[in-house]
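# Remarks on the overall topology
For reference, the chains in residue letters:
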Amino acid sequence: MSELTLTIIRFGLLVLLWVFVFSVVGVLRGDIYGTRVVPRSPQRRDRRADRTAQRTAQRPDERGADRPAPAPRQRRRDTSRVPTSLTVVEGPLRGTSLPLRDAGVLIGRNPECALVLDDDYASGRHARIYRGDDGWYVEDLGSTNGTYLGSHRLTAAQRVEAGSVLRIGKTAVELRK
């Protein structure tokens with residue numbers, strides 16, 4: 001091999017070594033300092049909803065004035081024990097509340113979660129609350145420290161009702177009506 005080829009190979013290996021070092025430092029930094037929590041502003045969401053409502057109200061009625069609007073379909077279900085919101089009752093985010101959505105609510109340390117926990121015992125994607133055919137369910141997403149419904153550790157998806165308390169590390173979350 002020529003001297004030029006050896007020099008290029010050495011330089012390439014040196015670059016790969018530095019890429020590896022920087023990736024290790026990045027992972028260690030994330031583990032030491034944790035996930036950056038970005039506060040979410042509910043006011044911005046409310047303003048967006050107001051603008052959408054105004055645009056809808058300004059549109060002319062396309063059905064005609066003589067036909068009444070069809071009534072929206074609603075499922076018949078017992079609404080006495082159906083939760084509509086999730087409230088943190090213990091932990092650093094105490095008092096935080098968010099509505100339960102049909103798409104589900106993801107809980108964990110990862111910024112992609114709907115409820116981002118600043119808790120050392122929570123996993124990145126810790127638990128999920130979702131709507132099933134007959135109510136709301138909670139499931140643990142393979143977390144290290146587990147998700148507890150009351151005093152029982154979840155091993156499979158379990159149905160929850162209003163008043164149920166979930167414990168994820170030092171954080172307790174209650175489902176409320």
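Each value, and the rule that gives it
Residues numbered from 1 in each chain as written. Predicted model: local features only at pLDDT ≥ 70, side-chain atom pairs only at ≥ 80, totals over all residues. Heavy atoms only, no water. Helix = DSSP H or I, 4+ residues; strand = E, 2+ residues; numbered from the N terminus. Buried < 20%, exposed > 50% of the residue type's maximum accessible area, 1.4 Å probe, protein only. Contact = heavy atoms within 4.5 Å. Areas by Shrake-Rupley, 256 points an atom, 1.4 Å probe, with all protein chains shown as cover. Pairing = 2+ DSSP bridges. Salt bridge = Lys/Arg side-chain N within 4 Å of Asp/Glu carboxyl O. Polar contact = N/O pair within 3.5 Å; in protein donor to acceptor, adjacent residues only side chain to side chain.

Take the overall build of the chain next. In terms of regular secondary structure, the chain is built from 2 helices and 11 strands. When the helices and strands of the chain are placed in sequence order, the string is α-α-β-β-β-β-β-β-β-β-β-β-β. Expressed as a percentage of its 177 residues, the buried residues of the chain come to 25%. In the chain, of all internal contacts separated by at least 6 residues, the share reaching a separation of at least 24 is 39%. When the accessible surface of the chain is split by element, carbon and sulfur atoms take 53% of a total near 13,200 Å².

Strand order across the open sheet formed by 6 strands is 2-1-11-10-7-8, with antiparallel pairing between neighbours. Only two strands of the sheet have a single neighbouring strand rather than two, namely strand 2 (97–99) and strand 8 (152–153). Relative to strand 10 (residues 165–168), strand 7 (residues 148–149) runs antiparallel, the two sharing 2 bridges. Residue leucine 149 lies in a different strand from strand 10, and its bridge partner there is leucine 166.

Right, let's talk about the pattern of salt bridges for a bit. Evaluation of the coordinates by the stated rule reveals 7 salt bridges. Among the ionic contacts, a cluster of salt bridges with common partners joins Asp134, Arg159 and Glu161.

Read from one edge of the open sheet, 5 strands run 4-3-5-6-9, paired in mixed fashion. Taken across any chain shown, the strands that pair with only one partner, and hence form the sheet edges, are strand 4 (115–116) and strand 9 (158–160). Across 6 bridges, strand 5 (residues 127–132) lies against strand 6 (residues 135–140) in antiparallel orientation. From the neighbouring strand, alanine 127 faces strand 6, where its bridge partner is aspartate 140.

In terms of strand pairing, strand 3 (residues 105–108) meets strand 5 through 3 bridges, oriented antiparallel. Among the inter-strand pairings, valine 105 is bridged to a residue of strand 5, identified as isoleucine 129.

Positionally, alanine 103 belongs in the loop between strand 2 and strand 3. When the C-alpha positions of alanine 103 and tyrosine 130 are compared, they lie 6.7 Å apart, and in sequence the two are 27 residues distant.

The next point concerns the side chain of threonine 147. Within the secondary structure, threonine 147 sits in the loop between strand 6 and strand 7. For threonine 147, a relative accessible area of 0% corresponds to the buried category. Of the polar contacts made by the side chain of threonine 147, one reaches the side chain of histidine 126; its length is 3.2 Å. The residues touching threonine 147, leaving out its near neighbours within four places in the chain, are His126, Ala127, Asp140, His152, Arg153, Leu154, Arg167 and Ile168.

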